[in-house]
Amino acid sequence: MPTGSEEAKLKENLKRKLKGITKTLPYSFEERLQKLREVWMGWVNNYRLASIQAKLKQLDEWLKDRLRYCIWHDWKKPERKRKNLIRLGVDQDHAYAWSRTEKEDGL
């Protein structure tokens, strides 16, 4: 079982790998998910004996934010953002407002 400093290094290493996959590279969303699944499952299988449930939950939340950013960035143009938000069930007023936001992580 890793010590505190080793654990922090392992976590940072995993985050670096996940961040590399979620950068704006020319992957389709399915390819990106497959690469993330490979890294995630390898890491979980490697350290499943350790008590890492809380850390996995934190990393899962962080990864969801990164994926949300990837989707938002892929949509690029405000009109495309608006149409996709409406397609996902967001009402038109919110979709318009959110699609025009200047902040990159608008959702």
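The structure reproduced in this document is the subject of the present report.

### Some points on the side chain of Thr 22
Thought 1: Its location among the elements puts Thr 22 in helix 1 (residues 4-22).
Thought 2: Only 2.9 Å separates the side chain of Thr 22 from the side chain of Arg 66, close enough to count as a polar contact.
Thought 3: Contacts of Thr 22, omitting those with residues within four sequence positions, involve Arg 32, Leu 36, Leu 63, Arg 66, Leu 67 and Cys 70.

### Re unusual backbone geometry
Thought 1: Of note, the phi angle at Lys 76 is positive, near 55°, even though the residue is not glycine.
Thought 2: Looking at the element boundaries, Lys 76 is found in the loop between helix 3 (53-75) and helix 4 (78-87).
Thought 3: We classify Lys 76 as exposed; its relative accessible area is 59%.

### Section: the packing of aromatic side chains
Thought 1: Taken as a whole, this structure holds one aromatic pair when the rule is applied.
Thought 2: Residues Trp 72 and Trp 75 carry aromatic rings whose centres are separated by 6.0 Å and whose planes lie at 55° to one another, so their mutual orientation is tilted. Highlighted residues: Trp 72 and Trp 75, both in helix 3, separated by three residues, approximately one helical turn.
Thought 3: Classification of Trp 75 by relative accessible area gives buried; the value is 14%.

### Some points on the nonpolar core
Thought 1: Within the largest apolar cluster, 12 residues are counted, these being Leu 14, Leu 18, Ile 21, Leu 36, Trp 40, Trp 43, Val 44, Ile 52, Leu 56, Leu 59, Leu 63 and Leu 67.
Thought 2: Mapped onto this core, the elements with two or more residues apiece are helix 1, helix 2 (29-46) and helix 3.
Thought 3: With residues near it in sequence (within four places) discarded, Leu 56 still touches Trp 40, Trp 43 and Val 44.

### What to know about the environment of Cys 70
Thought 1: By the element assignment, Cys 70 lies in helix 3.
Thought 2: We classify Cys 70 as buried; its relative accessible area is 1%.
Thought 3: Residues Cys 70 and Leu 25 lie 45 residues apart in sequence; the distance between their C-alpha atoms is 9.5 Å.
Thought 4: Excluding residues that lie within four positions of it along the chain, Cys 70 makes contacts with Thr 22 and Arg 32.

### A short note on the pattern of salt bridges
Thought 1: Tallied over the entire structure, the rule returns five salt bridges.
Thought 2: Between Asp 60 and Lys 64 there is a salt bridge, with its nearest N and O atoms 3.4 Å apart. With Asp 60 and Lys 64 both in helix 3, this residue pair falls four residues apart, about one helical turn.
Thought 3: When its relative accessible area of 30% is taken as the criterion, Asp 60 is described as partly exposed.
Thought 4: Each of Glu 79, Arg 82 and Arg 100 takes part in one network of salt bridges that share partners.

### Topic: the environment of Trp 75
Thought 1: Once the C-alpha coordinates of Trp 75 and Ser 99 are considered, the two residues, 24 residues apart in sequence, prove to be 9.7 Å apart.
Thought 2: In this view, Trp 75 contacts Arg 80, Lys 81, Asn 84, Leu 85 and Leu 88; residues no more than four positions away in its chain are not counted.

### A closer look at helix 3
One turn of an α-helix holds 3.6 residues; hence residues three or four places apart share an orientation.
Thought 1: Helix length check: helix 3 (23 residues) gives 33 Å between terminal C-alpha atoms against 33 Å at 1.5 Å per residue, within 8%.
Thought 2: By the burial criterion, the buried members of helix 3 are Leu 56, Leu 59, Leu 63, Arg 66, Leu 67, Cys 70, Trp 72 and Trp 75.
Thought 3: Looking one or two residues past helix 3, Lys 76 carries a phi angle of roughly 55°, positive in sign.

Thresholds applied
Residue numbers run consecutively from 1 along every chain, following the written order of its sequence. Selection of residues for local features in this predicted model requires a pLDDT of at least 70, selection of side-chain atom pairs for listing and counting requires 80 or more, and totals for whole chains, interfaces and linings are taken over all residues. Only heavy atoms go into the side-chain values, all of them from the structure, while hydrogens and water stay out. Each helix is a run of DSSP H or I of at least 4 residues and each strand a run of E of at least 2, with the numbering of both proceeding from the N terminus. Here a polar contact is taken to be a pair of N or O atoms separated by no more than 3.5 Å, where protein atoms must pair a possible hydrogen donor with a possible acceptor and residues adjacent in sequence count only if both atoms sit in side chains. Pairs of residues are marked as contacts when any of their non-hydrogen atoms sit within 4.5 Å. Working definition: with a 1.4 Å probe on protein chains only, accessible area under 20% of the residue-type maximum means buried, over 50% means exposed, and in between means partly exposed. Any two rings among Phe, Tyr and Trp, with Trp reduced to its six-membered ring, count as a pair given centres within 6.5 Å; such a pair is stacked if its planes are under 30 degrees apart, edge-to-face if over 60, and tilted if neither. Within this scheme, the nonpolar core is defined by two criteria: the residues are buried Ala, Val, Leu, Ile, Met, Phe, Trp, Tyr or Cys, and they are joined through side-chain atoms within 4.5 Å. Whenever a carboxyl oxygen of Asp or Glu lies within 4 Å of a side-chain nitrogen of Lys or Arg, that contact is scored as a salt bridge. By definition here, a helix of n residues has an expected span of 1.5 Å times n minus one.

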